[in-house]
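What follows is each chain in one-letter form.
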Amino acid sequence: MPDGLPNGMNVDYDGLIPNNVGLNEDQRVRRALETWHPGYIDWWKDMGPEGFQEALVYLRTAISVEPEGWAKFGYVRMPEYKWGILLAPAVEGRKISFGAHKGEPAWQEVPGECRAMLRRLLVIQGDTEPASVEQQRHLGRTAPSLYDMRNLFQVNVEEGRHLWAMVYLLQKYFGRDGREEAAALLQRRSGHQDAPRMLGAFNEATPDWLSFFMFTTFTDRDGKMQLGALAQSGFDPLSRTCRFMLTEEAHHMFVGESGVARVIERTCQAMRDAGITDPTDVGRVRALGVIDLPLMQKKINLHFSLTLDLFGNEISTNAANAFSSGLKGRYHEDQVDDDHVLLGATYPVLRLIEGEIREEQVPALSALNMRLRDDFVADASVGLRRWNRLIEAAGFQYRLQLPHVAFNRRIGEFAGLKADLGGRVLPDVEWAGAKDGFLPATEDDDYLAGLMRPVREPGKFAGWIAPPKWGVDGKPGGFEYVRIEE
Ligand code: BYC
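Thresholds applied
Residues numbered from 1 in each chain as written. Predicted model: local features only at pLDDT ≥ 70, side-chain atom pairs only at ≥ 80, totals over all residues. Heavy atoms only, no water. Salt bridge = Lys/Arg side-chain N within 4 Å of Asp/Glu carboxyl O. Helix = DSSP H or I, 4+ residues; strand = E, 2+ residues; numbered from the N terminus. Buried < 20%, exposed > 50% of the residue type's maximum accessible area, 1.4 Å probe, protein only. Pairing = 2+ DSSP bridges. Near = heavy atom within 4 Å. Polar contact = N/O pair within 3.5 Å; in protein donor to acceptor, adjacent residues only side chain to side chain. Areas by Shrake-Rupley, 256 points an atom, 1.4 Å probe, with all protein chains shown as cover. Lys, Arg positive; Asp, Glu negative; His and termini not counted. Contact = heavy atoms within 4.5 Å. Expected span 1.5 Å × (residues − 1). Axes fitted to C-alpha atoms, helices over the stretch in contact; angles between N-to-C directions. Parallel < 35°, antiparallel > 145°, perpendicular 65-115°, else oblique. Left-handed = near helix turned anticlockwise from the far one by under 90°. Nonpolar A, V, L, I, M, F, W, Y, C, P; charged D, E, K, R; others polar. Core = buried A, V, L, I, M, F, W, Y, C linked by side-chain atoms within 4.5 Å.

Trainee: Give a description of the pattern of salt bridges that names residues and reports values.
Mentor: Taken as a whole and assessed by the stated rule, the structure comprises 41 salt bridges. Between glutamate 50 and arginine 137 there is a salt bridge; the shortest N-O distance is 3.8 Å. Of this pair, glutamate 50 sits in the loop between helix H1 (27–47) and strand E1 (56–62) while arginine 137 sits in the loop between helix H2 (115–135) and helix H3 (146–173); the two residues are 87 residues apart in sequence, bridging distant segments of the chain. For glutamate 50, a relative accessible area of 24% translates into the label partly exposed. On the accessibility criterion, arginine 137 (14% relative accessible area) is buried. Residue arginine 286 is joined to aspartate 444 by a salt bridge in which the shortest nitrogen-to-oxygen separation is 2.8 Å. On the criterion of sequence distance, the pair formed by arginine 286 in helix H7 (residues 282–287) and aspartate 444 in helix H12 (residues 442–451) is long-range, its members being 158 residues apart. Exposure class is identical for arginine 286 and aspartate 444. Each is buried. What emerges from the salt-bridge pattern is a single network uniting Asp127, Glu134, Arg188, Arg189 and Arg197.

Trainee: Account for the sheet that holds strand E2 (residues 71–77), with residues named and values stated.
Mentor: Reading across the sheet, the three strands line up as E2-E1-E5 and stay open at both edges, with antiparallel pairing between neighbours. The sheet terminates laterally at E2 and strand E5 (482–483), the two strands that pair on one side only. By the bridge criterion, two bridges tie E1 to E5 in an arrangement that is antiparallel. Paired with leucine 56 across the strands is arginine 483, a residue of E5.

Trainee: Summarise unusual backbone geometry; cite the residues concerned and give the values.
Mentor: A negative phi angle characterises most non-glycine residues, just as the trans form characterises most peptide bonds. Even without being a glycine, histidine 332 presents a positive backbone phi close to 55°. Looking at the secondary structure, you find histidine 332 in the loop between helix H9 (317–324) and strand E3 (346–353).

Trainee: Explain the site of the ligand to me, using residue names and the numbers behind them.
Mentor: Close to the ligand lie 29 residues; Gln125, Asn313, Ser316, Lys328 and Asn369 are nearest. Between the ligand and the protein, one listed contact pairs a nitrogen atom with a side-chain N or O atom of glutamine 125 at 2.6 Å. For the ligand, an oxygen atom lies 2.8 Å from a polar atom in the side chain of asparagine 369. The fraction of the free accessible surface of the ligand (1,000 Å²) that becomes covered by protein chains is 80%. Top contributing element to the shell around the ligand by residue count: H2, with seven residues.

Trainee: Would you mind going over the environment of aspartate 194 in detail, with residue names and values included?
Mentor: With respect to the helices and strands, the residue aspartate 194 is situated in the loop between helix H4 (175–185) and helix H5 (209–230). Take aspartate 194: its relative accessible area is 70%, and that puts it in the exposed class. When the C-alpha atoms of aspartate 194 and glycine 471 are compared, they prove to be 42 Å apart, with 277 residues separating the residues in sequence.

Trainee: Just give me the short version of the side chain of aspartate 220, but keep the residues and values in it.
Mentor: Here aspartate 220 is to be found in helix H5. For the buried aspartate 220, no salt bridge exists, and the shortest N-O distance to an oppositely charged side chain is 9.5 Å, to arginine 221. If near-sequence neighbours (up to four positions away) are discounted, aspartate 220 is found in contact with Glu159, Phe215, Glu249, His252 and Met253.

Trainee: Quick rundown of helix H6 (residues 236–273)? Include the residues and the values.
Mentor: The end-to-end C-alpha distance of H6, which contains 38 residues, comes to 56 Å, matching closely the 56 Å that a straight helix rising 1.5 Å per residue would cover. Counting buried positions along H6 yields 28 of 38 residues, so the element is predominantly enclosed. Phi turns positive one or two residues past the end of H6, at glycine 275, with a value near 75°.

Trainee: Tell me about the packing of helix H8 (residues 293–308) against helix H10 (residues 368–393), and please be specific about residues and values.
Mentor: Contact geometry for H8 and H10: axes closest at 12 Å, N-to-C directions at 170°. Considered as vectors, H8 and H10 are oriented roughly antiparallel to each other. Regarding H8 and H10, the two cross each other, and that crossing is right-handed. Along the contact surface, H8 presents Leu293, Ile300, Phe304, Thr307 and Leu308, while H10 presents Arg373, Phe376, Val377, Leu384, Trp387 and Ile391. The class makeup of the residues in the contact of H8 with H10 is nine nonpolar, one polar and one charged.

Trainee: Outline the nonpolar core, listing residues and values.
Mentor: Judged by nonpolar contacts, the single largest core of 116 residues is most densely connected at Tyr40, Trp387 and Trp464. Here the element with the most residues in this core is H3; it accounts for 16 residues. Setting aside chain neighbours within four positions, we find tryptophan 464 in contact with Pro144, Trp209, Phe213, Val263, Arg266, Gly289, Val290, Ile291, Leu451 and Met452. Counting 13 residues, the second-largest nonpolar core is a separate cluster that includes Ala319, Tyr347, Val362 and Leu368.

Structural data, given as structure tokens:
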């Protein structure tokens, strides 16, 4: 067995911090975590779901790391949720599968020369988790049903657990620096002018439930890709941590994708009932109190483009170094058919050359952000096809699309470029006239805000969203997923 860490099959569920990392035998880290805990609870009470700290929520809690039966369901007050530290079981004899150390045994300790880089990756990953909870803290008040409210809170507590996961690694492997970083993770605030979260998309507002569903569809999918790349890490504790986080991440994307699907379903049904054949007849569709497909397209344009920025610059020496040093692999690195070292290889990158978007071959090592972003776009397209099948099945011609990667960007090659949804560069005047057709305009946001009225009767749903096909944990339609004591 690797030094220092138990194999992870046994979860100690009884202490303050449930874990499968042998915290009882590791007094130093246990003390550090127990010292951090009250600050975390204060942060959760200040910045977590607003107005529902006392509510009893039917939540799943991770209690095991076995693929079968890893979670249990029950009513919990969120501040009492058991945020555990759980790593996927160790793989006996695991080897580093890429970069300059390919073939060497995976590290159980941080190699000296990788410390700064690894710490930065952990801090960036950790920072996104509380950020998303902060972005979503107002949404409980306008939940379209108790089912949706419960799903929101489930996502939130799991993002909280993911923060614990990064804080554990920081405190265990980075001593005093790690403790300082862990404290700072509780101090930054999404959208704060002086102490914002680190990555752009995590400082944006999530003002309504359509935004929440789009965020969990697209931005949580960045989480899936980045965690997938970090799960390949030669630093074994990070790999094991990310592998377990991915189990939870899948549910977050389900909440997003099925949420949007239910909005589409409801809109199509309402249009059919009213005899509307043109989904772009926005005035008539909105008169029915449902969300028009063109507005969904605008939200896709917004959240997809914000999420693309999270992949960093297309050409990045940071990314090349993280790969070569064995810290961050590619998505599904172990399934890619090449030498996994990439020294002489090239990769096609879209670039802005003399005002035109052109493809250029660049060294594959520096193009790793681009490659991960391409994997993300392919993955996101699958979800979009599912949404389009619903529209098609309801008999409408309209098709939702992903915008061009140059659209609405703030990071990388296309930052600040005024490109349309197809990637055509527009003169300033043309862009000014067209922008409100691409991204949600004030009147769109106002319309959505007007729809966001809470529905709290068990089994009932707001008029703009269809009920889900199945309840959580096999519960029937009228189940009271959240008990609100007012
Ligand atoms: N905003 O060389 P570059 C999730 C900075 S989501 C602001 O291209 P690199 C979740 C960059 O930091 C997954 N700044 O950077 C989802 C660098 O600054 P410094 C989160 C940005 O390192 C939903 C400079 O620009 N995890 O889990 O190749 C809910 C040069 O850039 C941005 C990760 O991202 C930006 N968007 O790529 C909850 C994994 N982009 O250091 C959770 C860890 C770049 O020169 N992070 N910059 O001052 C990484 O792998 C990489 O750091 C990045 C950036 C992909 C983020």
